[in-house]
Every structure is written in C-alpha cells, then in structure tokens.
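What follows is the residue order along each chain.
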Amino acid sequence: MMQITTYATAERAAGAAARLVLNRLTDRPDIVIGLPTGSTPVPLYRALVRAYTRGVADFSQATTFNLDEFLGLARGAVGSYRTFMETHLFTQVNLHPRRAHVLDGAAHDWKREVARYEAQIAQAGGLDLVILGIGRNGHLGFNEPGPTLAARTHRVVLKPETRRANAGLFGGRWRDVPREALSMGIGTILSAREVVLIATGGAKSRIVARALHGPVTTRVPASLLQMHPHVTVVLDRDAASQL
Ligand code: GLP
C-alpha cells in the first residue's frame, strides 16, 4: 500500500516526514532506521535535531544504517556520506556512535564489508523503517537503473549523472566524485517493514510520476516500491506536479 501525501513547500514536507519518524521512535525507542543522504533529507535532519534539542526526541536506543557510501574515500574524508551524516545528524543528537552504521568505503575487502553490513542489519532485527530520497534517474541509495538490480548490499559503478548530482559534496567538481560506491541492495531496502520516500522540487516531478504510476521496472528502481506493503510518499507541490 502506498500513501501519497503532498505539502505546499519542501520545508513542510520535511516537517511531515519528521513527525512520522518521531512517532515511530516514540512507539519503539529501539527502532532500526535506514537513512539517506542527499540534499532532500537535510531539512528532515534539521527537524529531528530541533526535536532532540527541545527534549521531545530520544535517539539513545535507536540504531541506524545508512543506505550507501562512496568507495575508496577514507573514513572522515570530505565528501564521504559518513562525514555528511556526522555533520547533519550523528553529532547533533544522542544516537549511540556504535549504533550509527555507515558502510566503510575504505574497507580493504569490500566483499567482506558488504556481507558484514547485511549481517549487522539482520542481527539488529532488520530495518523497521527506511527513509529514502530518489535520484533524478530513479535510483534508490546507489541502485542505478539498468537491465538488472542487485538484491543485497553490493558494489556499484555510478552513472555520470549521479556523480554530477553529488558534485556539491566535492566543491562542485564532479570529476572528484568517486566512480564507485557500496550500496544496500533493492532487496535490503524492500525488506524494511516500512518505507518513507521523500521527494521535493520540480526536477523530481517526472521521475516521481514514473516511479509511482509507471510500470514496475529495474529501469526505474524506485518503481519497485509499488510492490511494498507499507510506503508513505512525502512530496512538495513541485515534485507532485506531474502526478
Ligand atoms: C544520492 C544518494 C541517494 C539520493 C540521491 C538524491 O545519489 N545516493 O540516496 O536519494 O542522491 O539526492 P538529492 O536529494 O540531493 O536530490
């Protein structure tokens, strides 16, 4: 079941997504959440930090797993998703550092790293909730469109458009964006008991319409969400304009 909700502005959409997350956290303080990066979730993280600062959110029992990470960047490197998460969330709320997981893109043995990540998610009891953004090409995490998709956490080659979309993290130089990454698989994502997809801005309107109402296809990885039993889509008016 997919519930589609639309708000006047990106800020309000972020507020709605934050309320959903905070409600789930209240119901289940030891919740396991999958987390995205990108510009879309920044206002959501800001709202979660505000809730924590006001004393209405407690992350001390929660566990998080980020969706993806660039390959080959040292831990703490500029541009890494680990650094993004430290900046926007991990250092701002009382999440336990040992329970805030991000794939290690600097691991010597990436095969071991992806297997370890899957095992950690399983050991945590699976994802209760996964929060997703969407790439303009329909990717989820770094699951790029193609003839096939990988089910589980794996190594991916990024498309040029995806490297360009991430250039902001690298001082606008898209050639500095790593060519490869590690990402949860589409099966890892769809195994979450609940999904929240956030999309804002007119640049996402076309892909949002294709993902929500087009055919289910690996050419639009986000279209696979149509098969998930519990999805809430949170849009601003611009992202919803082609629905
Ligand atoms: C990156 C991330 C995705 C994210 C996408 C959209 O490529 N790997 O998880 O959804 O960017 O980013 P933005 O929110 O900046 O449009």
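Structure shown above.
Summarised in this report is the structure supplied together with it. Because the structure is a prediction, the values reported are computed rather than measured.

1. Digging into the overall build of the chain
Reasoning step 1: Tallying secondary structure elements over the chain gives 7 helices and 10 strands in all.
Reasoning step 2: Computed over C-alpha atoms, the radius of gyration of the chain comes to 17 Å, within 12% of the 18 Å expected from 2.2 N^0.38 for 243 residues, which places it in the range of a compact globule.
Reasoning step 3: Across the 243 residues of the chain, 55% fall into the buried class.
Reasoning step 4: Carbon and sulfur atoms make up 51% of the accessible area of the chain, which amounts to about 11,000 Å² in all.
Reasoning step 5: Across the chain, the 29 positively charged side chains and the 19 negatively charged ones have centroids separated by 4 Å.

2. Some thoughts on the sheet that holds strand 4 (residues 68–70)
Reasoning step 1: Strand order across the open sheet formed by 3 strands is 4-8-7, with antiparallel pairing between neighbours. Edge positions in the open sheet fall to strand 4 and strand 7 (154–157), since each of these has one partner strand only. Taken pair by pair, the neighbouring strands of this sheet meet at an average axis angle of 30 degrees, ignoring direction.
Reasoning step 2: By the bridge criterion, 4 bridges tie strand 7 to strand 8 (residues 180–183) in an arrangement that is antiparallel. By the bridge assignment for strand 8, R155 is matched with L182.

3. Overview of the pairing of strand 3 (residues 63–66)
Reasoning step 1: Burial along strand 3 is two-sided: the residues T63 and F65 and T64 and N66 are all buried.
Reasoning step 2: Here strand 2 (residues 32–35) runs beside strand 3; their pairing, made up of 4 bridges, is parallel. Within strand 3, the residue paired with I33 across the bridge is T64.
Reasoning step 3: Sheet analysis places strand 3 next to strand 5 (residues 100–101), joined by 2 bridges and oriented parallel. Each residue of the ladder has a partner; that of T64, found in strand 5, is A100.

4. Here we look at the site of the ligand
Reasoning step 1: Taken together, 14 residues are adjacent to the ligand, and S39, T40, D68, H139 and K204 come closest.
Reasoning step 2: Contacts to the ligand include S39, whose side-chain N or O atom sits 2.6 Å from an oxygen atom.
Reasoning step 3: One of the side-chain nitrogen or oxygen atoms of H139 is found 3.0 Å away from an oxygen atom of the ligand.
Reasoning step 4: Here the ligand has 400 Å² of accessible area as a free molecule, and 90% of this is covered by the chains.
Reasoning step 5: A per-class count over the shell around the ligand returns 3 nonpolar, 9 polar and 2 charged.

5. A short note on the pattern of salt bridges
Close approach of charged atoms allows side chains of opposite charge to pair.
Reasoning step 1: For the structure on display, the rule yields 10 salt bridges.
Reasoning step 2: Among the salt bridges present, the one from E113 reaches R116, with a minimum N-O distance of 2.8 Å. With E113 and R116 both in helix 4 (residues 110–123) and 3 residues apart, the pair spans about one turn of that helix.
Reasoning step 3: Overall, the relative accessible area of 5% leaves E113 in the buried class.
Reasoning step 4: Here the residues in one salt-bridge network are R28, D30, D128 and R193, joined through shared partners.

6. Examining the sheet that holds strand 10 (residues 231–236)
Reasoning step 1: Read across the sheet, 7 strands follow the order 1-10-9-6-2-3-5 without closing on themselves; strand pairing throughout is parallel. With partners counted over all chains shown, the strands left at the sheet margins are strand 1 (2–7) and strand 5, one partner each.
Reasoning step 2: Together, strand 3 and strand 5 form the strand contacts of helix 4, whose direction differs from that of strand 3 by roughly 150 degrees.

7. Description of the side chain of D236
Reasoning step 1: Counting through the fold element by element, D236 comes out in strand 10.
Reasoning step 2: A distance of 3.0 Å separates a polar atom in the side chain of D236 from the backbone nitrogen of G201.
Reasoning step 3: Beyond its immediate sequence surroundings of up to four residues, D236 is in contact with T6, Y7, T9, A10, A13, A199, T200 and G201.

8. Things to note about helix 7 (residues 205–213)
Reasoning step 1: Those residues of helix 7 lying buried are S205, I207, V208, A209, A211 and L212.
Reasoning step 2: Buried-residue contacts for helix 7 involve strand 1, strand 9 (194–199) and strand 10.

Calculation criteria
Residues numbered from 1 in each chain as written. Predicted model: local features only at pLDDT ≥ 70, side-chain atom pairs only at ≥ 80, totals over all residues. Heavy atoms only, no water. Helix = DSSP H or I, 4+ residues; strand = E, 2+ residues; numbered from the N terminus. Rg over C-alpha atoms; globule rule 2.2 N^0.38 Å. Buried < 20%, exposed > 50% of the residue type's maximum accessible area, 1.4 Å probe, protein only. Areas by Shrake-Rupley, 256 points an atom, 1.4 Å probe, with all protein chains shown as cover. Lys, Arg positive; Asp, Glu negative; His and termini not counted. Charge placed at Lys NZ, Arg CZ, Asp CG, Glu CD. Pairing = 2+ DSSP bridges. Axes fitted to C-alpha atoms, helices over the stretch in contact; angles between N-to-C directions. Near = heavy atom within 4 Å. Polar contact = N/O pair within 3.5 Å; in protein donor to acceptor, adjacent residues only side chain to side chain. Nonpolar A, V, L, I, M, F, W, Y, C, P; charged D, E, K, R; others polar. Salt bridge = Lys/Arg side-chain N within 4 Å of Asp/Glu carboxyl O. Contact = heavy atoms within 4.5 Å.

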